[in-house]
Amino acid sequence: CLANMTLVPFHPVVRLITSQLEQGSSLPSLGAYQPDLETLVQIGSSQEALVGSDRNRLLEAIARYLELSCELVLFDDLQWADTGTLELIRFLHERGSLRLRAASRASEAGPALQRFLLDLSMARTINLEPLTREAMGELLAGLTGRKRPPERFAGWLHQLTGGNPMFALEALRSLFETRILRLEDE
């Protein structure tokens, strides 16, 4: 439930580690910080993970894990981030050992996130506008491999989604999965 993600400490990190473990990867060796990360993963992203582990040790364990596992760390939907995740991002930023990116919906950013973004020297706002009808057509042409977009369908999809590319892709996925839509040769 996305509305409750602000109550789930370190949710994106736990989800990342869990998905990597499910794909057969193992945790890298973190020396003395190994137990802290293992506790977080075993208990999951709950407040209990913070009881048996010093917060700074936990942040250090997560940072070391990310440094060994990722070239770039992207936090999406930051508007739902818990205070622990925001604290982790600040910790990683100050450490300076990783490339960090974060995305959020400005219209849904609460006071805590707004303060957090103001405090970070690296924060830069980039406003993304909805796709135009023409851009929606270009997206469809690119997805189908055709030189010309299906104009009528592009207009319909643009109207349906308000030009939001994520909504457009989800609508297309749903239409293909339900076999309402299929790609045919020209």
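If you're wondering where the values come from, they're calculated on a predicted model, not measured in any experiment. (Residues numbered from 1 in each chain as written. Predicted model: local features only at pLDDT ≥ 70, side-chain atom pairs only at ≥ 80, totals over all residues. Heavy atoms only, no water.)

Inspection of the secondary structure puts Glu94 in helix 5 (residues 83-95). A residue is classified by how much of its surface remains accessible, and Glu94, at 60% relative accessible area, is exposed. For the pair Glu94 and Leu120, spaced 26 residues apart in sequence, the C-alpha separation works out to 9.4 Å. (Helix = DSSP H or I, 4+ residues; strand = E, 2+ residues; numbered from the N terminus. Buried < 20%, exposed > 50% of the residue type's maximum accessible area, 1.4 Å probe, protein only.)

Our focus in this paragraph is the nonpolar core. Counting 31 residues, the largest nonpolar core has Leu37, Ile62, Leu66, Phe75, Leu78, Leu88 and Leu92 as the members making the most contacts within it. Looking at this core, the elements that each hand over two or more residues are helix 1 (11-22), helix 2 (34-43), helix 4 (55-69), strand 1 (72-75), helix 5 and helix 6 (111-119). Broken down by element, the residue count for this core peaks at 7 residues, all from helix 4. Ignoring anything within four residues of it in the chain, the contact list for Leu92 reads Ala63, Leu66, Phe75, Ser97, Leu98 and Leu100. Met136, Leu140, Leu157 and Ala168 belong to the second-largest nonpolar core, a separate cluster that totals 7 residues. (Core = buried A, V, L, I, M, F, W, Y, C linked by side-chain atoms within 4.5 Å. Contact = heavy atoms within 4.5 Å.)

Further remarks concern the confidence of the model for the protein. Per-residue confidence for the protein gives a mean pLDDT of 83, with 87% of residues at or over 70. Taken element by element, the predicted model of the protein shows its lowest mean pLDDT in helix 3 (residues 48-51) (51) and its highest in helix 8 (residues 151-161) (94). Across residues 1-5 the pLDDT falls below 50, and counting only partners more than four positions away or on other chains, this stretch makes 4 contacts in the model. (pLDDT = per-residue confidence, 0-100.)

Our focus in this paragraph is the packing of helix 5 against helix 6. Packing of helix 5 against helix 6 brings their axes to within 11 Å, and their N-to-C directions diverge by 5°. Between helix 5 and helix 6, the angle falls in the class roughly parallel. Contacts between helix 5 and helix 6 involve Leu86, Ile89 and Arg90 from the first element and Leu113, Phe116 and Asp119 from the second. The residue inventory of the contact of helix 5 with helix 6, partitioned by class, reads 4 nonpolar, no polar and 2 charged. (Axes fitted to C-alpha atoms, helices over the stretch in contact; angles between N-to-C directions. Parallel < 35°, antiparallel > 145°, perpendicular 65-115°, else oblique. Nonpolar A, V, L, I, M, F, W, Y, C, P; charged D, E, K, R; others polar.)

Where burial is concerned, the two faces of strand 1 differ: the one with Val73 and Phe75 is buried and the one with Leu72 and Leu74 is not. Both strand 1 and strand 2 (residues 99-102) contribute to a ladder of 4 bridges, which runs parallel. Residue pairing in the sheet places Phe75 in a bridge with Ala102 of strand 2. For the crossover from strand 1 across helix 5 to strand 2, the handedness is right-handed. (Pairing = 2+ DSSP bridges. Right-handed = clockwise from strand over helix to strand, strands pointing away.)

What follows concerns the layout of surface pockets. By volume, the largest pocket amounts to about 1,400 Å³. Those elements that provide at least two residues to the lining of the largest pocket are helix 5, strand 2, helix 6 and helix 9 (165-177). Looking at the lining of the largest pocket element by element, the count peaks at 4 residues for helix 6. Residues belonging to the lining of the largest pocket are distributed by class as follows: 21 nonpolar, 10 polar and 6 charged. (1 Å grid on protein atoms, 1.4 Å probe; cavity = no way out; pocket = protein on both sides within 12 Å on 5 of 7 lines; lining within 4 Å. Points joined across faces, edges and corners; volume = space filled by probe spheres on them.)

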